[in-house]
Amino acid sequence: MESNAGENYTATLTNLGNNNYEIKDGVTLTLNYTINKRAINLQWIGEGDSTSDFTWTYDGSDHAPTCSVTNLCTGDTCTVGNISVLVLSGSLTNGKAVNAGSYKATTTLPNPPNSNYVWGTNATTEKNFSITAKPISGISAEKDSRVYNGEAWTADDFGTITYEGRVGNDTFNPEFSNLQSNAGENYTATLTNLGNNN
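Given the structure is predicted, the values throughout are model-derived calculations rather than measurements.

Conventions we followed
Residues numbered from 1 in each chain as written. Predicted model: local features only at pLDDT ≥ 70, side-chain atom pairs only at ≥ 80, totals over all residues. Heavy atoms only, no water. Helix = DSSP H or I, 4+ residues; strand = E, 2+ residues; numbered from the N terminus. Rg over C-alpha atoms; globule rule 2.2 N^0.38 Å. Buried < 20%, exposed > 50% of the residue type's maximum accessible area, 1.4 Å probe, protein only. Contact = heavy atoms within 4.5 Å. Areas by Shrake-Rupley, 256 points an atom, 1.4 Å probe, with all protein chains shown as cover. Lys, Arg positive; Asp, Glu negative; His and termini not counted. Charge placed at Lys NZ, Arg CZ, Asp CG, Glu CD. Patch = residues over 30% accessible without salt bridge, like charges linked within 9 Å, V, L, I, M, F, W, Y side chains within 5 Å. Salt bridge = Lys/Arg side-chain N within 4 Å of Asp/Glu carboxyl O. Polar contact = N/O pair within 3.5 Å; in protein donor to acceptor, adjacent residues only side chain to side chain. Pairing = 2+ DSSP bridges. Axes fitted to C-alpha atoms, helices over the stretch in contact; angles between N-to-C directions. Phe/Tyr/Trp six-rings, centres within 6.5 Å; stacked < 30°, edge-to-face > 60°.

1. Examining the overall build of the protein chain
- A count of helices and strands for the protein chain gives zero helices and 15 strands.
- Taken against the 2.2 N^0.38 rule, which gives 16 Å for 198 residues, the C-alpha radius of gyration of the protein chain at 33 Å runs more than 25% over that of a compact globule.
- Taking the principal axes of its C-alpha atoms as reference, the protein chain extends roughly 120 × 35 × 20 Å.
- In the protein chain, which comprises 198 residues, the share counted as buried stands at 24%.
- In the protein chain, of all internal contacts separated by at least 6 residues, the share reaching a separation of at least 24 is 56%.
- Roughly 13,500 Å² of accessible area belongs to the protein chain as shown, and the carbon and sulfur atoms make up 42% of that amount.
- Here the protein chain carries 10 positive and 20 negative side-chain charges, and the mean point of each set is 6 Å from the other.

2. Thoughts on a nonpolar patch on the surface
- There is a patch of nonpolar side chains on the surface, built from L13, L16, Y21, V27 and L29 and spanning about 430 Å² of accessible area.
- Following the sequence through the fold, L13 ends up in the loop between β1 (6–12) and β2 (30–35).

3. So, the environment of H63
- By secondary structure assignment, the location of H63 is in the loop between β4 (55–57) and β5 (66–70).
- We classify H63 as buried; its relative accessible area is 15%.
- H63 sits 35 residues away from V98 along the chain, and the two C-alpha atoms are 6.3 Å apart.
- Apart from residues no more than four positions distant in its own chain, H63 is found in contact with W56, T57, A97, F129 and I131.
- A polar contact of 3.4 Å, which involves the side chain of H63, links it to the side chain of W56.
- A distance of 2.9 Å separates polar atoms of two side chains, one belonging to H63 and the other to D59.

4. Remarks on the sheet that holds β4
- Across the sheet, which stays open at both edges, the four strands sit in the order β4-β11-β9-β6 with mixed pairing between neighbours. This sheet does not close on itself; its edge strands, each paired only once, are β4 and β6 (84–89). Sheet twist, expressed as the mean angle between neighbouring strand axes with direction ignored, is 30 degrees.
- Taken together, the six bridges between strand β9 (residues 101–106) and strand β11 (residues 126–132) define a ladder with antiparallel strand orientation. Note on β11: the bridge partner recorded for K104 is N128.

5. Topic: the packing of aromatic side chains
- Under the defined criterion, the tally for this structure stands at six aromatic pairs.
- For the ring pair Y103 and F129, a centre distance of 5.5 Å and an interplane angle of 25 degrees mean the geometry is stacked. One end of the pair, Y103, is in strand β9; the other, F129, is in strand β11, and 26 residues separate them in sequence.
- Ring-pair connections join several aromatic residues into one group, and the members of that group are W56, Y103 and F129.

Function cannot be inferred from these measures alone, as they are strictly geometric.
Here is the structure:
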């Protein structure tokens, strides 16, 4: 009996498996059959090995989906080639998706492992994914006062600002509202822009 994909195979009955019967002399009993090619597909894999979540939160590392070939028989292998990343919005760092933004991963279909396989209709070579901005949960400042000098308070007047949730040595160019110039106590400045899109 055949094991490879093909059409119009002919199987000949050689044994009925029942001693009460026999194949009539001079008669050849045959059945025709076909083994169809097995459809394989690409499976894209995202955040945490998920097949449905393709969103990462910015952490200073590069991210992109991976993909593998599914529905192969045991012992058969098929390796996907390189994955390229295109920018939809945002920017690449050394060719990789690190910063917050929207991206597209692309690859090409490799040749099936042998002639018994064919690519399925759902085998897609592109997958959109995104990296979302990391939330900053709090800030604190080195300084909270200075002597009146006729000019409005600036972000630099706070000295070193500590950001809760900052990744590594990422820098910020913060903007604040309600920066006063006159002498007074208990002013409250509100951070309106971190100056870092990640």
